[in-house]
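Reading the structure
So you can see what is in the structure, the chains are spelled out below.
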Amino acid sequence: MIRFKRKEKPKKENTLSGRRVFSNNLYVLKIIQRVAPSYLPTYFLWSVTGAILDFFIYTWMMRKVVNDFQLGEPVEKLAAIILALLVGQIVFDVFINILRKVVYPRYQQKIVAAIEQSLFEKASQVELECYENPKFYDKYVRAMDNSYQRCMDVVNTADMLIWRVTSISTNALILISIDPVLALVALIPLLIGYVRKYRNRMQKNRDDERRPIDRRQAYVQRSFYLGEYAKEMRLTAMPKLMIGYYAETLKEHIALQKKYGYKMAILKTIGDTGPDLVVFLAGLYAAYCTLIRGTMLAGDFLVVFNTVGQVAWVLASLVTTLEDFRTHALYIEDYRYFLDYQPKIKKNTNGVRASAGTLTVEGVTFRYTGAERDALQNIHMTIRPGEKIALVGHNGSGKSTLVKLLLHLYEPTEGAVKLNGIPLADYDQDSLMEQFSVVFQDFKLFSLSVAENILLRPLKEGDEERVTEALKKSGGWEKVSTLKNGIHTTLTREFDDEGAVLSGGEGQKVSLARIFADDAPIIILDEPSSALDPIAEYQMFQNMMEACEGRTLIFISHRLASAALADHVYLLEDGRIVEDGSHRDLMEKGGRYAELFGKQAENYVKEVSAREA
Ligand code: ADP
Ligand code: MG
């Protein structure tokens, strides 16, 4: 539940050292350079060319033509210069537009793919725990959301910087060559730059303070239009309460406007009129030099009048350009953090190659990060090849956690899980994973074909038969055979109008086919049968035992009737194994297991007789 009243503090301004800002931006440029080596050089080269051409046409040519005209040079010669530069401009425009519309997008696609893939790869490697750590997860989501755009922004800002520096250098040179006094004029724009920088910061602070208010407004809006709230909104006085909250947010908006409005107006005025002032002063000075002192020609005057404003504007924005790099660096920090993150459970690629064998759990205790108590305590188990093992116990007793440790999704807090006497961490991770076939209760079907959902890898020769066989064993064939495209039917309609939407039970059968489609020596099923009724579940497990002859089977069910099929049953309570043994032994012992079994059987009989009555 969202705690509505809580006022969120605006996020503290993250600060990075100048070195880190530089290094983060460089990091991105290096990635781009590696993925698409010709992109940056072409991009920047054309930018420089454009700035120089601009200078030649709008400053140099203008000055030359007007001055020469004043000095009485032949008109044909001037016309030739103008023509040459205009042709140059047209050729340039054709090229740059082809680059922008044809060439650059191709590179950009390559870059986006490389960046996203680097994130996907990392995401599949970090330990499961990271998904439960909100701080890490936030960074991860932000990295996923922003990285590509930020990388492109770095290129744009770098390009802008290059363009601006080229443009300033060329234009400032001509101004100083006309009259060195004009260099003084540069001081004003630099000041303006700092005013703008200050204004941008203030704007950012204001936006940060505004965001939580906006979020609360959006929440009120949602509560009125989303179906999930509609019942409460009609039956109670919630609408009144919500409208009250909305009014409160309006007040906060107005207060915020008051806090920043005037300051922003003043800063904006300085920022906007500053460049005008520069043009005015420089123009006045040039007019004086041209008309009274006679040190400038008409062309010089024109250039000063024309160029000074541009130089002032570019100089002022140089300051904010540097600020932009700082902002990019903050976002890139998330991306870098994520990519540099070293999973605690490292993907061991040069470890021992795993092979079928005995799994042992030796004194394992496990606590989830941030949890107040152990989810598992001092667990000991030995699971020999081919054994059928049932894990039973109430919800929350630790069955799924145990399974996740067996699969090396988590590292035990104490103790070790071993395969053939070697800790799981010492195995080559891929070869270890090949030992297991797993179906979870919250199994996910992907928006891919039935066959891909069963194989969980790209299709190969001979896979069609394999998939069909597997579906027949899991009971999914009955449904899949009726689909128009059979095992090649896409699941879900999200991307395919001809896609199939399966019911819970059908989906479960398709996901169970995963077990039969590969022949990993150890099968793990974490309540894969919850959508089935007790009798169907019992039959499913019975079929599975037969079909998986010779393979180790570890299954979780809280229906003890199914557990009776196993060679060995472990009963968990509060993270401990309280009883274990064969069903028969445990029944004879008359302990917790026997008690629970009796209760469930009683309920079951009641249920059946109620249904029959
Ligand atoms: P079971 O599968 O037997 O129902 P679990 O293994 O899922 O039980 O859960 C065992 C205990 O660990 C429960 O108390 C549960 O709340 C806790 N737990 C499970 N998953 C997490 C998690 N990701 N983070 C923190 N605690 C968890
Ligand atoms: Mg569970």
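Residues numbered from 1 in each chain as written. Chains lettered and ligands numbered in written order. Predicted model: local features only at pLDDT ≥ 70, side-chain atom pairs only at ≥ 80, totals over all residues. Heavy atoms only, no water.

Examining the pattern of salt bridges
Basically, it comes down to this: The working definition used for a salt bridge is a side-chain nitrogen of Lys or Arg within 4 Å of a carboxyl oxygen of Asp or Glu. Numbering of helices and strands starts at the N terminus; helices are DSSP runs of H or I of at least 4 residues and strands are runs of E of at least 2.
Evaluation of the coordinates by the stated rule reveals 21 salt bridges. With its nearest N and O atoms 3.9 Å apart, the salt bridge here joins Asp-179 to Arg-293. Here Asp-179, found in the loop between helix 4 (134-178) and helix 5 (187-225), pairs with Arg-293, found in helix 7 (residues 238-293); they are 114 residues apart in sequence, far enough to count as distant. Between Arg-367 and Asp-374 there is a salt bridge, and its shortest N-O distance comes to 2.8 Å. One connected set of salt bridges, linked through shared partners, spans Lys-204, Asp-208 and Arg-211.

Some thoughts on the sheet that holds strand 5 (residues 422-423)
Operational definition: Strand pairing is defined by DSSP finding a minimum of two bridges between the two strands.
A sheet is described by the order of its strands in space; here four strands give the open sequence 2-1-4-5, paired in antiparallel fashion. The open sheet has two edge strands, strand 2 (376-383) and strand 5, and neither has a second partner. Across five bridges, the pairing between strand 1 (residues 359-366) and strand 2 is antiparallel. Considered in strand 2, the bridge of Leu-359 is made with Ile-383.

Some details on the domain arrangement of the protein chain
Think of interface size as the accessible area that goes away when the parts come together; that is how it is often given. As a reminder of what qualifies: Residue ranges for the domains trace back to a domain assignment, done automatically or taken from a database.
When its domains are assigned, the protein chain resolves into domain 1 (18-340) and domain 2 (439-519). A C-alpha centroid distance of 50 Å is found between domain 1 and domain 2.

A word on the site of ligand 1
This is how the line gets drawn: Here a residue is considered near a molecule or strand provided that any single heavy atom belonging to it is located within 4 Å of it. Each polar contact in these results corresponds to two N or O atoms within 3.5 Å; when the atoms are within protein, one needs to be able to donate a hydrogen and the other to accept it, and residues that are neighboring in sequence are counted only if both atoms are side-chain atoms. Per-residue and other accessible areas were derived by the Shrake-Rupley procedure at a 1.4 Å probe size, with only the shown protein chains allowed to occlude residues. Each residue gets one of three labels, nonpolar for Ala, Val, Leu, Ile, Met, Phe, Trp, Tyr, Cys and Pro, charged for Asp, Glu, Lys and Arg, and polar for the others, Gly among them.
Lining the immediate surroundings of ligand 1 are Glu-132, Tyr-368, Ala-375, His-394, Asn-395, Gly-396, Ser-397, Gly-398, Lys-399, Ser-400 and Thr-401. Side-chain polar atom of Tyr-368 to a nitrogen atom of ligand 1: 3.4 Å apart, as the coordinates give it. Interatomic distance of 2.7 Å between a backbone N/O atom of Gly-396 and an oxygen atom of ligand 1. Against a free-state accessible area of 560 Å², the protein chains account for coverage of 65% of ligand 1. Tallied by class, the residues present in the shell around ligand 1 amount to two nonpolar, seven polar and two charged.

Observations regarding the environment of Ile-515
Here is the rule we go by: Here, residues are in contact when the closest pair of their heavy atoms is within 4.5 Å.
Structurally, the position occupied by Ile-515 is in helix 14 (residues 504-517). It is 8.9 Å that separates the C-alpha atoms of Ile-515 and Cys-548, two residues lying 33 residues apart in sequence. Not counting residues up to four positions away in its chain, the partners in contact with Ile-515 are Ser-437, Val-438, Val-439, Ile-523, Leu-525, Cys-548 and Arg-551.

Description of the packing of aromatic side chains
Our working rule: The aromatic pairing rule takes the rings of Phe, Tyr and Trp, using the six-membered ring of Trp, and pairs them if the centres are within 6.5 Å, calling planes under 30 degrees apart stacked, those over 60 edge-to-face and the rest tilted. Charge over a ring is defined by NZ of Lys or CZ of Arg lying within 6 Å of the ring centre and within 35 degrees of the ring normal.
One pass over the structure, following the stated rule, counts 19 aromatic pairs. The interplanar angle of 20° and the centroid separation of 5.5 Å between the aromatic rings of Trp-46 and Phe-95 together place this pair among those described as stacked. Pair noted here: Trp-46 is in helix 2 (residues 39-70) and Phe-95 is in helix 3 (residues 75-125), with a separation of 49 residues, a long-range link. Consider the rings of Tyr-593 and Phe-597, whose centres lie 6.2 Å apart with planes at 25°: the pair is stacked. Highlighted residues: Tyr-593 and Phe-597, both in helix 18 (residues 592-612), separated by four residues, approximately one helical turn. Through a chain of ring-to-ring contacts, three or more aromatic side chains come together here, namely Tyr-39, Tyr-43, Phe-44, Tyr-104 and Tyr-107. The lysine or arginine in question, Arg-150, covers the ring of Tyr-331, its NZ or CZ lying 3.9 Å from the ring centre. In this structure, Arg-336 packs its charged tip against the face of Tyr-27, placed 4.3 Å from the ring centre.

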